[in-house]
Amino acid sequence: MKLNSPLQVYKFLPQINCAECGDATCMAFAAHLIDRSKKLEDCPPILKDEYKKKYLELQTLLAPEIREIIIGKGERARKIGGDDVLYRHQLTFFDPTAFAYDVWDTMPENELVERVNKISNFRKFYVGKFLTVDMVAVRCVSGDAAKFAGAVKKVSEITKLPLILCSLDPAVLKSGLEVVKDKNPLIYAATEKNWGEVSELALNYKVPVVLFSQDLDKLKSLALTFREMGIKDLVLDPGTYPQGKQLKETFEKFIKLRRAGIKEAQKDIAYPIMAVPLNAWAVYKDAVTASYWETVLASVFTVRYGDIMILHSLEPYAMLPEVHLRDTIYTDPRTPVKVAPGVNEVGTPTKDSPVIVTTNFALTYYTVESDLSSNKINCYLAAVDTDGIGVEASVAGGQLTAAKIKDNFQKAGFDFKEKTSHNTIVLPGLAARLQGDVEDATGLRVMIGPPDSGRIPGWMEKNWPPKPK
Amino acid sequence: MTKKIKLSELGSLFGGDIEALEGVKIEGDVEIDLGQLGLNPQMAYALGHETAQMAFHLMNISRILGYPVDQIGGAAAPQPKKLSKLIESKFSVGKIEEWKTPIQEVVLGATSSDGGSRKSTVTLGGEGSLPYYFDSPMPHRNHITMDVFDMPINMAKAVKSNYEDVINSPAEWAKKVVRDFGADMVTIHLISTDPNIKDTSPADAAKTVEEVLQAVDVPIVIGGSGNPEKDPAVLEKAAEVAEGERCLLASASLNLDYARIAEAAKKYNHVVLSWTQLEINAQKELNRKLMKQCGVARENILMDPTTAALGYGLDYAYTNMERIRLAGLTGDTELNFPMSSGTTNAWGAREAWMVSSPLKEDSDWGPREYRGPIWEIITGLTLSLAGNDLFMMMHPGAVHVLKEITQTLYGLKETEPVNIDNWVSAVI
């Protein structure tokens, strides 16, 4: 965005401190616009006619450097692009890389249905939410427009995920667009050869379009030409080569495009970038090797500026690291990583329920909490203040000690005699070396849990309730 | 005629009083070249002239200032129109000028001509840009050192199956990783020295180091047990028996007597691994202490800013390393050292080793023997992109793939060109 201080934004706001946005003052709201935690549309007054001019001006000034475009319709519609920085610590990255997995029009229908469902239903629990994937890319392998339209129709009937229609033949794209014209699919791709017809499709159906050229001069030419024709929702595919010097060049192209867009504010190419890790399958035929290499390519371009990518492998060992790395890169580094210290109830604990200790590192805490609640274990879970450091590191670094544990229960007003029938505390397996210290400091009976909270259910079966002394 | 004006002179261009307009103040003096600016900046912009961009910005600024710029050239916004040929254009982008300070070069291992007995050495660092960037060539590739332990330890099944035949012999283990798995270096972890494990004496541990040095001729890393009371004595003794070999002593940290480790490195010609926990300022502090207080030379310092596994804090580890590297490149001479990653930590992630998800709501996790190695690969690869130079690793398959990708991005891999023009219709 072109503004960098709340004061600059404030000048465009109504300055009436009406608090309708949820902030007490327009200046506070301005700060939220700068850090992009709120949208201009959260301010009802500025949407009124009398402020229209300022609204439009501010909207332009606040727009991210990389154009943000929307693919799909409805609740699963996905925004891509929208970035303002080259490194996540400078602010945060916005609009996580959209992962599209492919299907093709020569698949038998039952396989197609199964594959689409697998894509739609994929989920992995992580820190209080599910990681999922985003889109289905339908590839025309048959070369037959009618066949392609049939596949697109089938896919759109069974998933709400946005679609990418993939063919370099404008007639094929058109037949697919006819089927899903009200669903805002992304079309792939306009090239040096077919751009005339594909641009017409993008205009007539009002859909976002990918421009594909390995030559960055040509890619920029395409972008300029489409923009001149009034097509703004563009995605750039500089080609993803799967190996060797060509791959190194691909990596450099991604850096160049994004640097030009953000650091040099070259609006002409400041569009989302597409990577195609699927090309790993052009060089590796063995499924494990190809899946591994595809995941490697996906990771490189998740870190370095891919905004959307097309993938093939649905193997869990490919998808799990892919979604986790995307979360890694796009997690907002400004949000706190700690949970409030204290003693929390999981389920409905009674006097006979265990009291389990962990740290206040958000990831550790949520992992333990979800393992307990999903296995319906009623208990007390203590989040000891370790400055947001995990169990193993905080034991080594001295942030998790017997004194800290004792202090945590005292501050929470948790009296073992009153709340429990067993006067027992369960330490994480990775904190086993604190056992003696905790016994001395608290006078409680100390049991050692498993090193991974995923094993608490098995541990409970063997060890709980504790045998009377 | 080219006329250059400054933003602060914009008022005169439009004949108005800028100060009075909405109270907007423009700071800094940006020069705008008006040389070829036509009467209609919007049209010029659309045509893609170099200077047109400037005109467009100028127009935007004018609009901010409240001028009815859309009327300046008397033309309305361009209507969508059909073009019959592509607008010609050249793409170019500059290099990063701020990256002026290269990363320190550090040599591990010493050959007989330099007082050691290694057959080869490993040079790390020297970068003048982020890894694999085109701004300046990366002088040295990434290297991998594989873990060897001085006693049998718990390992994930997928890892263990590779080492069952050598698990009781650090020397055989070291030979195996170099001979069979392509390790550039070997790390001998003296974990049995921990008083809570076997409390092996420093003298006995040093014998293991000697055995490993005899078994392989690559440079080695000597790791303690992580016990802050015991490690200085263990590393001191190990440094003594390995005199002149330029081993990497792992590690000096702020929570142990780092001065003793620094002293041992100086006395016996080794390199110190400066280890901190995900905190850039602590890393600066320790590096400064090693240099200023302990007198360790710059070419004898490597950093380990801590590796957290994918899904378990890799976001912190990644950004911490990237910030350290950017700080180094832009002139922070307390941070411009090569970096090392304990990539093996990836195996701590439950996704790497658990048979299946403990949560019923998750999609199937699939076979774990494939999940573990890729977890190690992606953890390492991510950090390689942040600037990490040396990887401490465990699984041979993971080592193989990480080498392949880092050496590809580095530029070592020559392959037959692939045509991807028609990937859309490929039969997979």
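Above this text sits the structure in question.
Read on for a plain summary of the structure. The shown structure was predicted, so the numbers you read here are calculated from the model rather than taken from an experiment. (Residues numbered from 1 in each chain as written. Chains lettered and ligands numbered in written order. Predicted model: local features only at pLDDT ≥ 70, side-chain atom pairs only at ≥ 80, totals over all residues. Heavy atoms only, no water.)

1. Examining the overall build of chain B
In step 1: From N to C terminus, chain B includes 13 helices and twelve strands.
In step 2: In chain B, which comprises 428 residues, the proportion classed as buried is 58%.
In step 3: The contacts in chain B between residues at least 6 apart in sequence include a share of 69% that link residues at least 24 apart.
In step 4: By element, 50% of the accessible surface of chain B is carried by carbon and sulfur atoms, the whole surface being about 17900 Å². (Helix = DSSP H or I, 4+ residues; strand = E, 2+ residues; numbered from the N terminus. Buried < 20%, exposed > 50% of the residue type's maximum accessible area, 1.4 Å probe, protein only. Contact = heavy atoms within 4.5 Å. Areas by Shrake-Rupley, 256 points an atom, 1.4 Å probe, with all protein chains shown as cover.)

2. Thoughts on the pairing of strand β8 (residues 186-190) of chain A
All names here are of chain A.
In step 1: Within β8, five of the five residues are buried, which leaves the element mostly enclosed by the surrounding structure.
In step 2: Strand direction decides the pairing type here: strand β7 (residues 163-166) and β8, joined by three bridges, are parallel. Residue L165 lies in a different strand from β8, and its bridge partner there is I187.
In step 3: Regarding the hand of the β-α-β motif, the stretch spanning β7, helix α6 (residues 170-179) and β8 is right-handed.
In step 4: Here three bridges tie β8 to strand β9 (residues 209-212), and the two strands are oriented parallel to one another. Its bridge partner lying in β9, I187 is registered against V209.
In step 5: Where the polypeptide runs from β8 across helix α7 (residues 195-205) and back to β9, its parallel neighbour, the crossover connection is right-handed. (Pairing = 2+ DSSP bridges. Right-handed = clockwise from strand over helix to strand, strands pointing away.)

3. Details of the interface of chain A and chain B
In step 1: Chain A puts 109 residues into the contact, and the matching count from chain B is 97 residues.
In step 2: Across the chain A to chain B interface the summed buried area is about 9100 Å²; carbon plus sulfur atoms make up 62%.
In step 3: Together, A:E228, A:R259 and A:Y292 form the three largest contributors to the area buried by chain A at its contact with chain B, with a combined 8%.
In step 4: There are nine salt bridges connecting chain A and chain B.
In step 5: The shortest N-O distance in the salt bridge between B:E414 and A:K245 comes to 2.5 Å.
In step 6: The biggest single contributor to the side of chain A that touches chain B is helix α9 (residues 244-262) of chain A, with twelve residues. (Buried area = accessible area lost by both parts, 1.4 Å probe. Salt bridge = Lys/Arg side-chain N within 4 Å of Asp/Glu carboxyl O.)

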